[in-house]
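Examining the three-dimensional arrangement
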Amino acid sequence: MKYFDVVIVGSGPAGAAAAFKLAEKGISVAVLEKETLPRYKTCGGGFVYRGVKMLPFDIAEVAEREFYKVDLVGDNFHFVTERDQPVITMVMRDTFDNFLVKKVTEKGGVVIDDCKLTGLDLNGEFAFLSTSKEEIKTRFVIAADGALSPTAKMAGWDKETRLLIPALEYEVKVSDADFERLSQSVRFDVDAIPGGYAWSFPKKNHLSIGVASGKRTKINLKHYYQEYLTKTLKIDNIISEEQHGFQIPVSPRTDGFVKNSVFLVGDAAGFADSVTAEGISNSIYSGMLVADAIAESNLDVKKAEEIYMSKLEERLLPEIKVGVLMAKFFYDQPKIRNLFMKKYGQGAFEAMTDVFMGKRSYPTDIMKTLKRRVKGMLFS
Ligand SMILES: Cc1cc2nc3c(=O)[nH]c(=O)nc-3n(C[C@H](O)[C@H](O)[C@H](O)COP(=O)(O)OP(=O)(O)OC[C@H]3O[C@@H](n4cnc5c(N)ncnc54)[C@H](O)[C@@H]3O)c2cc1C
């Protein structure tokens with residue numbers, strides 16, 4: 001039976017970032033991936049600068065496009081922000097994730113694809129993993145297996161405490177004229193769908209267009225996507241269109257991130273940003289935090305848990321908690337939001353762009369400021 005100090009389930013950005021750091025520190029690590037690599041991942045592929053600058057290597061060879069300007073559009077507003085560095089780098093996740101995985105193997109990490117985790121025994125000093133290929137023994141398991149996280153279920157997270165929102169993503173080829181017109185900007189349209197937003201992300205030769213909504217009642221995403229395509233983007237000639245649907249966890253679990261020797265990262269933990277549903281950068285960040293925690297603990301599970309939790313509390317968890325409140329304000333009350341945006345929108349979007357750039361976090365007192373400004377607007 002093979003042994004690794006750490007086994008990571010899932011080769012997305014969270015798993016790859018954790019594996020890269022562990023391998024770099026000389027800790028034996030294997031990444032198990034159920035799909036054959038490279039694999040398609042349903043995602044807009046908009047990678048914000050705060051994530052880009054966390055990576056210790058250049059990603060230019062897998063960047064489809066870089067956007068220094070971003071557009072935020074609503075019924076009564078249209079704001080544009082611009083920075084000296086690319087605010088959003090567009091990637092296709094099959095190429096991007098595979099590039100990260102290659103970096104892991106260059107550092108000495110082992111990556112096993114076509115290898116699905118099917119069982120987990122956590123009853124002794126070591127963890128034993130059953131997979132579709134072989135049995136593996138380890139000291140630490142990192143669950144980086146995304147929104148559905150079968151690993152978390154096997155490890156005892158039996159109640160769903162994250163908020164999972166449905167999203168539809170289309171890879172769309174349009175006419176040359178439409179591509180020329182629409183490929184100049186990255187846009188987020190917050191009034192295109194109730195309780196969420198629609199996006200148009202230009203890639204090298206096509207557009208990734210999608211819709212996501214946190215509305216608690218049933219919603220016909222396809223209807224809003226089609227309306228967005230025809231009414232907002234004014235596309236009437238579609239050359240080809242591939243539909244993909246999945247869920248995005250936009251709030252963290254409330255029942256912990258570590259059980260026995262199993263550590264949750266990325267979507268498995270619920271670390272996507274609640275306001276933007278942007279999950280790649282926090283996946284990378286949480287992957288790096290858990291790798292540092294394991295290395296600093298000298299492979300002591302209890303110590304690693306304490307260190308991981310304190311690292312999460314430094315920035316990631318407080319930021320996400322504020323984000324959850326902001327998302328409620330932003331998506332649940334569109335009329336008030338739009339009044340607010342009309343008056344303060346450019347400043348708010350500049351601040352949001354600074355969060356994308358990793359220049360600032362959400363202010364912890366933001367809800368007080370929002371409430372004060374809304375009161376001022378309504379009663380002036
Ligand atoms: C429609 C849509 C659009 C999005 N757009 C964006 C965007 O533009 N920008 C952004 O930042 N975020 C976006 N996100 C969110 C982003 O895709 C996720 O937050 C991110 O991929 C999470 O990374 P991860 O490494 O945690 O998990 P994932 O990237 O989901 O990787 C998990 C991996 O685990 C593997 N796996 C699962 N089960 C097993 C098993 N039993 N055994 C072995 N392997 C297993 C999977 O095959 C997968 O490769 C979007 C999400 C959706 C659904």
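Figured I'd write up the structure that's included with this text. From a predicted model like this one, the values you see are computed outputs, not experimental measurements. Residue numbering note: each chain is counted from 1, following its sequence as written. Confidence filtering applies because this is a predicted model: local features only for residues at pLDDT of at least 70, side-chain atom pairs given and counted only at 80 or more, and all residues used for totals across whole chains, interfaces and linings. For the side-chain quantities, the full set of heavy atoms in the structure was used; hydrogens and water were omitted.

**A look at the overall build of the protein chain**
Rules: Only DSSP runs of H or I covering at least 4 residues are called helices, and only runs of E covering at least 2 are called strands; the numbering of each starts at the N terminus. Note on contacts: a residue pair is in contact if any heavy atoms of the two residues lie within 4.5 Å. Here the open area of atoms and residues is found with the Shrake-Rupley method and a 1.4 Å probe, where only the protein chains shown may cover a residue. Asp and Glu are treated as the negative residues and Lys and Arg as the positive ones, with His and the ends of the chain left uncounted. Charge coordinates come from a single atom per side chain, which is NZ of Lys, CZ of Arg, CG of Asp or CD of Glu.
In terms of helices and strands, the protein chain carries 12 helices and 18 strands. Dimensions of the protein chain, computed from C-alpha atoms along their principal axes, come out at roughly 65 × 50 × 40 Å. In the protein chain, 72% of the contacts between residues at least 6 apart in sequence involve partners at least 24 apart. Surface summary for the protein chain: the accessible area is close to 16500 Å², and the carbon and sulfur share equals 50%. Charge separation in the protein chain, taken as the distance between the mean sites of 52 positive and 51 negative side-chain charges, equals 6 Å.

**So, the sheet that holds strand 7 (residues 88–90)**
Note the following rule: Pairing between strands is defined by DSSP: at least two bridges between them are needed. Fitted lines through C-alpha atoms give the axes, limited to the stretch in contact for helices. The angle between two N-to-C directions lies from 0 to 180 degrees.
Strands sit in the order 3-7-4 across an open sheet of three strands; the sheet is antiparallel. Both outer strands of the open sheet, strand 3 (46–48) and strand 4 (65–67), are each paired with one neighbouring strand and no more. Sheet twist, expressed as the average angle between the axes of neighbouring strands with direction ignored, equals 25 degrees. Two elements, strand 4 and strand 7, share three bridges in a ladder whose sense is antiparallel. Bridge pairing in strand 7 links Glu66 to Thr89.

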